[in-house]
Amino acid sequence: MKTFLDEDFLLQTDTARRLYHDFAADMSIIDYHCHLPPNEIANDINFDNITSVWLHGDHYKWRAMRANGVDESFITGGRSDKKKFEQWAATVPYTLRNPLYHWTHLELQRYFGISSRLMPSTADFIYDDCNAKLQTPEYSVRNLITKMNVEVICTTDDPIDNLEHHQKIKADNWGVKVFPAFRPDKAMNSDNIPALNAYIGQLEKVVDSDIGDFYGYISALKKRHNYFAVNGCTVSDHGIDQMYAEDCTDKEASDIFAKIRSNQPISSNENIKFKSFMLHQFAIWDYEKGWVQQYHIGALRNNSTRGFIQSGPDTGRDSIGDFHQGKNLSKFLDKLDSEDKLAKTILYNLNPADNELMATMAGNFQDGSVAGKIQWGSAWWFLDQKDGMTKQLNTLSNMGLISRMVGMLTDSRSFLSFPRHEYFRRILCNLFADDIENGELPNDIEWTGKIIQDICYYNAKNYFDFEKK
């Protein structure tokens, strides 16, 4: 019987162990999509305690705690950080076979050197030990990052963000590169007209100009797109339930915008047309600047009205959606491709039923100009676990070139999430090793090891071309 979480965790054969330890383990990390707050990196803060770095904002843990019968006051409510940690420690033993059990103990080991299992009987010791370390300079935010051999981080930033924290990080000449990513979801949120108008008001202040019509709106957003580029941005990101690709002329978009600014209701078709126009416009700008555009597709958000009122968005009440994705996604990409303005693109799906759709859709628009130009991104959110990763890797292998995959990302708000790259790498190495052991791949460890290193690091390094920044 193997020991839980030993050095050969998830590595089932000698070949898997060799691939991981000799080729994957020491590769630097390029985390090209996450939700880490740049102000905390810029200020190189020390967290008050393990709860503040580990539980605040982690909706994965919050969902598990609710499912375990923990009252909301210990999750997003006003209970003390110590009490919240105790409730998490009481929940962890019940997360067996959930990826949280692996992630929790990986993070305790990798950051704090703690091999004890988290449970009520160890909660006080682990809380005190982690807290003592977190108060030391070695456990500041920047040192937590460098401890995991991170080379590049791309945060997620709204067009109206002033990027002052990114500017400070760059000025400090710190060894890790931290770049913004352009995330204009709020700028096309015509589902909520009052919120969109409030956003436009904020944009007016940022660009110091009144926005009287649609052309003024597009001009203001283009200024922000340019501003992001000046500040090192080379990637965009969109979080959408489904792709929007309805035909919409400039005049139609302008008329819809006029309704929005007058606080008039718009029809469902007008809503879709407006979103379609905006998505296409953003994609054109990305192409013109040579950016990589990312689309996170398929989340059904804020399902619990009572929970949303109680705690707000992004608190663990989202789920997989069952939207029809193929036709509109094809139309969106094809229009850009027909105009010869399709940027390098990464597609992420949340519904595993769309795995084969995404893998084959990416293949439709490869044009030989860039290896892996259209990527089907790594397993995302609810699929970001052993089974989900394995299915994604197998499907990509069968229907595309896994050898050209740009690898893993954390998509996390926690500075303790970088071991997810290790988790991915171990699963990846074990997968290739199984095929070698079964005679389904040649026993060419050096070549296979090179492919492993490409997936873990070099493909992303070449694809994003951060060296120019």
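Residues numbered from 1 in each chain as written. Predicted model: local features only at pLDDT ≥ 70, side-chain atom pairs only at ≥ 80, totals over all residues. Heavy atoms only, no water.

What exactly am I supposed to notice about the overall build of the protein chain here?
Across its full length, the protein chain carries 19 helices and nine strands. In terms of C-alpha radius of gyration, the protein chain reaches 23 Å, essentially the compact-globule figure of 23 Å for 469 residues. With the C-alpha coordinates aligned to their principal axes, the bounding extent of the protein chain is approximately 70 × 55 × 45 Å. Residue burial in the protein chain is summarised as follows: out of 469 residues, 56% are buried. (Helix = DSSP H or I, 4+ residues; strand = E, 2+ residues; numbered from the N terminus. Rg over C-alpha atoms; globule rule 2.2 N^0.38 Å. Buried < 20%, exposed > 50% of the residue type's maximum accessible area, 1.4 Å probe, protein only.)

Looking at this model, I keep getting lost on the packing of helix H17 (residues 386-399) against helix H18 (residues 419-437). Mind explaining?
Angle between the axes and distance between the axes are the two parameters that describe a pair of packed helices. Running from N to C, H17 and H18 cross one another at 50°; their axes reach a closest spacing of 10 Å. In terms of orientation, H17 and H18 fall into the oblique class. H18 is crossed by H17, and the crossing has right-handed handedness. Between H17 and H18, the residues in contact are Lys386, Met389, Thr390, Leu393 and Asn394 and Tyr423, Phe424, Ile427, Leu428 and Leu431, respectively. When grouped by side-chain class, the residues that make up the contact of H17 with H18 number seven nonpolar, two polar and one charged. (Axes fitted to C-alpha atoms, helices over the stretch in contact; angles between N-to-C directions. Parallel < 35°, antiparallel > 145°, perpendicular 65-115°, else oblique. Left-handed = near helix turned anticlockwise from the far one by under 90°. Contact = heavy atoms within 4.5 Å. Nonpolar A, V, L, I, M, F, W, Y, C, P; charged D, E, K, R; others polar.)

Is there a simple way to explain the pairing of strand E4 (residues 235-240) in this structure?
Looking down a regular strand, the side chains alternate between one sheet face and the other. Across the six residues that make up E4, a large majority, six, are buried. Burial of the side chains of E4 extends over both faces: Val235, Asp237 and Gly239 are buried on one face and Ser236, His238 and Ile240 on the other. Where E4 meets strand E5 (residues 292-297), six bridges bridge the pair, whose relative direction is parallel. For Ser236, the partnering residue across the bridge sits in E5 and is Gln293. (Pairing = 2+ DSSP bridges.)

I keep staring at the sheet that holds strand E1 (residues 29-31) and nothing clicks. Help me out?
Backbone-to-backbone hydrogen bonds join strands into a sheet, with any given pair of strands oriented parallel or antiparallel. With parallel pairing, the three strands of this open sheet are ordered in space as E1-E2-E3. Each having just a single partner strand, E1 and strand E3 (177-179) make up the two edges of the open sheet. If you compare each strand with its neighbour and ignore which way they point, the axes differ by 5° on average. The sheet contact formed by strand E2 (residues 150-154) and E3 spans three bridges and is parallel. In the sheet register, Ile153 faces E3, and the bridge partner there is Val178.

Just to check I follow, could you spell out the sheet that holds strand E9 (residues 374-376) for this structure?
Strand order in this open sheet of four strands is E4-E5-E8-E9, and the pairing throughout is parallel. Here the strands that pair on one side only, and so sit at the sheet edges, are E4 and E9. On average, each strand axis in the sheet is tilted by 15° relative to the strand beside it, whichever way the strands run. Across three bridges, strand E8 (residues 344-349) lies against E9 in parallel orientation. Each residue of the ladder has a partner; that of Ile346, found in E9, is Gln375. Contacts from helix H13 (residues 268-289) reach E4 and E5 within the one sheet, and its direction differs from that of E4 by about 160°.

What is the right way to look at the side chain of Asp384 in this model?
Here Asp384 is to be found in the loop between E9 and H17. Using a relative accessible area of 3% as the deciding quantity, one classes Asp384 as buried. Beyond its immediate sequence surroundings of up to four residues, Asp384 is in contact with Tyr60, Trp103, Ala379, Met389, Met408 and Arg420.

For this particular structure, what's the right way to read the nonpolar core?
Looking at soluble globular proteins, one finds that nonpolar side chains tend to be buried together. Within the largest apolar cluster, 156 residues are counted, with the highest numbers of intra-cluster contacts made by Ile50, Phe112, Ile145 and Tyr217. Beyond its immediate sequence surroundings of up to four residues, Ile145 is in contact with Ile41, Val150, Ile153, Trp174, Val176, Phe415 and Phe418. (Core = buried A, V, L, I, M, F, W, Y, C linked by side-chain atoms within 4.5 Å.)

It is not clear to me how the side chain of Asn131 should be interpreted in this structure. Could you clarify?
Its location among the elements puts Asn131 in helix H7 (residues 123-134). Asn131 has contacts with Asn49 and Ile50, leaving out every residue within four places of it along the chain.

What exactly am I supposed to notice about the packing of aromatic side chains here?
What characterises a pair of aromatic rings is the spacing of the ring centres plus the angle enclosed by the ring planes. Summed over all chains, the structure comprises 25 aromatic pairs. When the centroid spacing of 5.0 Å and the interplanar angle of 20° are considered together, the rings of Tyr217 and Phe257 count as stacked. One end of the pair, Tyr217, is in helix H11 (residues 214-230); the other, Phe257, is in helix H12 (residues 250-261), and 40 residues separate them in sequence. Phe257 shares its class with Tyr217; the two are buried. Centroid distance Tyr295 to Phe332: 5.5 Å. Interplanar angle 80°. Geometry classified as edge-to-face. (Phe/Tyr/Trp six-rings, centres within 6.5 Å; stacked < 30°, edge-to-face > 60°.)

Would you mind showing me how to read the environment of Asn149 here?
When you line up the elements, Asn149 lands in the loop between helix H8 (141-147) and E2. Exposure remark for Asn149: the relative accessible area of 33% places this residue in the partly exposed category. Beyond its immediate stretch of four places on either side in the chain, Asn149 contacts Asp26, Met27, Ser28 and Ile29. Within the structure, Asn149 has its side chain in polar contact with the backbone oxygen of Asp26 (distance 3.2 Å). Within polar-contact distance, the side chain of Asn149 engages the side chain of Ser28 at 3.5 Å. (Polar contact = N/O pair within 3.5 Å; in protein donor to acceptor, adjacent residues only side chain to side chain.)

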